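Structure assessment
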Amino acid sequence: MSSALTDLFPYPIVQAPMAGGVSLPRLAAAVCEAGGLGFLAAGYKTADGLYQEIKQLRSLTARPFGVNLFMPQPEYAERGAVEVYAHQLAGEAAWYETELGDPESGRDDGYDAKLAVLLDNPVAVVSFHFGIPSTEVLDSLRRAGTFTLVTATTAEEARAVERAGADAVIVQGVEAGGHQGTHRDNPENDRSGIGLLALIAQVREAVNLPIVAAGGIMRGSQIAAVLAAGASAAQLGTAFLVTPESGAHAVHKQALTNPLFVRTELTRAFSGRPARGLVNRFLREHGPYAPAAYPEVHHLTSPLRKAAAKAGDAQGMALWAGQGHRLARELPAGQLVEVLVSELLQARTALSDFPAGDGGAA
């Protein structure tokens, strides 16, 4: 692991930044205090909201932590597709007795204002999702003493991350819950995601950056596997989603291990961008028709998702989850880090005890 990253947290465990109110300061603080790297998710927050969460987190821990930013999205040309999808969702709005959201509610997620907060109040780590920041932005954060990470879902994207000057790359396998961090949202690539271990190997041969591995990791033995494959640390999201410190809705937490939800799927139904969630009624009915339009579809469905959550209706919520969701453990976040570290050490011991063999010699 790059020493600049190693020095920030004792154990190679990163709590994924989960937007939408999941990654609360108390969750990040618990992970940091246990020896991992906790993260705040700036996505869908105001700049002032981000500042207040940073301030709160600093009151809970003196350890380094990270903040994740969503990159602004390019203009989407086919407005008609969003209008058609809105008509398809009219029945949902009537069912939940709410209005559909305004798809024109903004495309940049307050990016510049949030960057200003992070330059005025530097944190240890900043990561980026949905694209690559400019070299100027990365340089300005480096001058502020911030270590930068950018998500990549292919070796080609990882090369672009390296060229831009980021300090490390988050390699996100197709197993990951929530949104895929693809740099360009090309619908033709929807079914071409790469599994994490194969992707780590490809990225290792493509770039010289430290790798943080993300995607379906729920056990310490899996952390050992990605470290052995060449990663410097593992990023876990779904594993922390069910902890009491997580801000996820109780219905969402329960659904992860509910036998009613047997599988996950990548869908555009809720946001217009590919994101992995538990297959429920909304995903089945609307996923096949959702356009490639982020964040327009996200804004459009926001009131529906909130109404479903208020009603406790799991069939209308975006139940983001990685492929390992059935392995979720309802442990306090700090205790979960301890268990993961113990499992990691056990896996490493088992590997060191495994005979190397004689290469097939007689």
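Because the structure is a prediction, the values reported are computed rather than measured.

1. Considering helix H9 (residues 196-206)
Along H9, the residues that are buried comprise Leu-196, Leu-199, Ile-200, Val-203 and Ala-206. Taken around the axis of H9, the buried residues stretch over an arc of 130°, which confines them to a single face. Structural note: H9 exposes Arg-204 and Glu-205 on the side pointing more than 90 degrees away from its buried face. If you follow the buried residues of H9, they end up packed against strand E5 (147-152), helix H8 (155-164), strand E6 (168-172), strand E8 (211-214) and helix H10 (220-228).

2. Things to note about the packing of helix H2 (residues 25-33) against helix H15 (residues 333-353)
Two quantities define a packed helix pair, namely the angle between the axes and the distance from one axis to the other. Where H2 meets H15, the closest approach of the two axes is 8 Å, and the angle between their N-to-C directions is 35°. Two packed elements cross with a definite hand, and for H2 against H15 that hand is right-handed. When H2 is examined against H15, the residues Leu-27, Ala-30 and Val-31 are found in contact with a partner set consisting of Ala-333, Gly-334 and Val-337. Looking at side-chain class alone, the contact of H2 with H15 contains five nonpolar, one polar and no charged residues.

3. So, unusual backbone geometry
Glycine aside, the phi torsion of most residues is negative, and most peptide linkages are trans. Of note, the amide linkage connecting Tyr-294 to Pro-295 takes the cis form, showing an omega dihedral of 10°. On the secondary structure map, Pro-295 appears in the loop between helix H13 (281-286) and helix H14 (296-311). In this structure, Asp-109 takes a positive phi of about 55° despite not being glycine. By the element assignment, Asp-109 lies in the loop between helix H5 (90-95) and helix H6 (111-120). Among the residues examined, Asp-109 registers a relative accessible area of 23% and is labelled partly exposed. With a phi close to 75°, Phe-130 is a non-glycine residue in the positive phi region. Along the polypeptide, Phe-130 turns up in the loop between strand E4 (125-129) and helix H7 (135-143).

4. Points about the sheet that holds strand E7 (residues 178-179)
One open sheet accounts for three strands, arranged E7-E11-E10; its pairing is antiparallel. A single partner strand is all that each edge strand has here, and the edge strands are E7 and strand E10 (264-267). For E10 and strand E11 (residues 275-278), the ladder comprises four bridges, and the chain directions are antiparallel. Note that in E11 the partner of Leu-266 across the bridge is Arg-276.

5. With respect to the packing of aromatic side chains
What the rule picks out here adds up to five aromatic pairs. With centroids separated by 5.3 Å and ring planes inclined at 75°, the aromatic side chains of Tyr-44 and Phe-70 adopt a geometry described as edge-to-face. With Tyr-44 in the loop between strand E2 (39-41) and helix H3 (47-60) and Phe-70 in strand E3 (residues 66-70), this pair connects stretches of sequence that are 26 residues apart. Judged by its relative accessible area of 9%, Phe-70 is buried. Members of the aromatic cluster, each reached through a chain of ring pairs, are Tyr-44, Phe-70, Phe-130 and Tyr-294.

Cut-offs and rules
Residues numbered from 1 in each chain as written. Predicted model: local features only at pLDDT ≥ 70, side-chain atom pairs only at ≥ 80, totals over all residues. Heavy atoms only, no water. Buried < 20%, exposed > 50% of the residue type's maximum accessible area, 1.4 Å probe, protein only. Helix = DSSP H or I, 4+ residues; strand = E, 2+ residues; numbered from the N terminus. Arc of directions from axis to C-beta. Contact = heavy atoms within 4.5 Å. Axes fitted to C-alpha atoms, helices over the stretch in contact; angles between N-to-C directions. Left-handed = near helix turned anticlockwise from the far one by under 90°. Nonpolar A, V, L, I, M, F, W, Y, C, P; charged D, E, K, R; others polar. Pairing = 2+ DSSP bridges. Phe/Tyr/Trp six-rings, centres within 6.5 Å; stacked < 30°, edge-to-face > 60°.

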